[in-house]
Amino acid sequence: MVLRMAVPNKGRLNERAVELLVKSGLDLGEDWGRKLYVKVRNKDIEVIFVRAQDIPSFVDSGAIDIGITGQDQIANAGADVEEILPLDFGHCRLSVAVPESYPYRKIEDIPDGSRVATSFVNVTKKFFESVGKKVSVIEVTGAAEIMPYMNVSDFIVDLVSSGSTLKTNRLVEIHPILYSQAVAIANRKSLSERGEEILDVINAIRSVMNAESKKYLMADVPKSRLKDVEAMFPGLAGPTVMNIAGRDDMVAIHVVIDAKDIYDAVNSLQKLGGKGILTLPIDRLVL
Ligand code: AMP
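Residues numbered from 1 in each chain as written. Predicted model: local features only at pLDDT ≥ 70, side-chain atom pairs only at ≥ 80, totals over all residues. Heavy atoms only, no water.

1. Focus: the environment of Thr69
Along the polypeptide, Thr69 turns up in strand 4 (residues 66-70). Under the relative-accessibility criterion, Thr69 is labelled buried at 0%. Not counting the four nearest positions on each side in its chain, Thr69 is found in contact with Leu13, Ala52, Ile55, Pro56, Ile74, Gln181, Ala182, Val183 and Ile185. At a separation of 2.8 Å, a polar atom in the side chain of Thr69 contacts the main-chain carbonyl oxygen of Ala52. (Helix = DSSP H or I, 4+ residues; strand = E, 2+ residues; numbered from the N terminus. Buried < 20%, exposed > 50% of the residue type's maximum accessible area, 1.4 Å probe, protein only. Contact = heavy atoms within 4.5 Å. Polar contact = N/O pair within 3.5 Å; in protein donor to acceptor, adjacent residues only side chain to side chain.)

Pasting the structure below:
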């Protein structure tokens, strides 16, 4: 039976979500960008492209087995899904923001009866209920930022990442409601019935994420400096050391290291007499 997977069809989460699947080794073909769904060529998986906000309820209902979406969307949909793997992109927070001219900077001070514009109606209602405020929530599908200036609302609840959009629109962030990032989710029943297939996909994605922060480094180093070289690489399992045919004075080392350490590692190896130093990207790394 085919495994159904949902991925955001456009917007901020689309590109990276697709990249993770492709790098995982799932062959989506060439023209996936124009289709609503594609059958993965090399696996019994169907990838459906829908809006990020629709994915939580599709996964909750079982129409879809696994998906990639934002945690903010899961919270707003109130979806009961299993969050399996945080994906470390699409980081943002849902925050209360007020116009610079608004007199209040604390949630406690906001008067009952105020109007808040947001596309996150459910989370916003729950939040203001939880702090005992009676505000009226006005649903907008986008551009919440301009609602206070159109006098549609007094303030807004919206997603923030760098904060530059708020600044441009002369809004001040006063309170975060929730923090979010992209996450891989699964339907609970699918997970219990087809856990192995689902975890195969998740593990493949995890291996891509692991690999992206690492580099593969190869070098020939003097045998006499091997102790120093080994001390340089305490990571993973330390370097693999191999003999070089016809050379008694040099050995070859292979090691996986953090990409951020590559600059220092290459310089240090060179100073230890290393030759033929080579660094390579890694596609996947299963730990
Ligand atoms: P989309 O509306 O399809 O562009 O997707 C929006 C999703 O991207 C949100 O639900 C968040 O999960 C994520 N996201 C990350 N940063 C931001 C941001 N600064 N503004 C809006 N959405 C963001």
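2. Regarding the sheet that holds strand 9 (residues 155-160)
On the basis of which strands lie adjacent, the open sheet formed by 5 strands has the order 8-7-9-6-10 and mixed pairing. In this open sheet, the two edge strands, each paired with only one partner strand, are strand 8 (136-139) and strand 10 (171-180). Across this sheet, the average inter-strand angle for adjacent strands is 30°, counted without regard to direction. Note that strand 7 (residues 115-118) and strand 9 share 2 bridges and pair parallel. Across the sheet, the residue bridging to Ala117 is Ile156, located in strand 9. (Pairing = 2+ DSSP bridges. Axes fitted to C-alpha atoms, helices over the stretch in contact; angles between N-to-C directions.)

3. Focus on helix 4 (residues 121-130)
Those residues of helix 4 not exposed but buried are Val121, Val123, Thr124, Phe127 and Phe128. For helix 4, the arc enclosing every buried residue in end-on projection is 165°, short of the 170-degree limit, so these residues lie on one face. Exposed and facing more than 90 degrees away from the buried side of helix 4 are Lys126, Glu129 and Ser130. Turning to helix 4, the residues buried within the fold contact helix 3 (71-77), strand 6 (92-99), strand 7, strand 8, strand 9 and strand 10. Phi turns positive one or two residues past the end of helix 4, at Gly132, with a value near 70°. (Arc of directions from axis to C-beta.)

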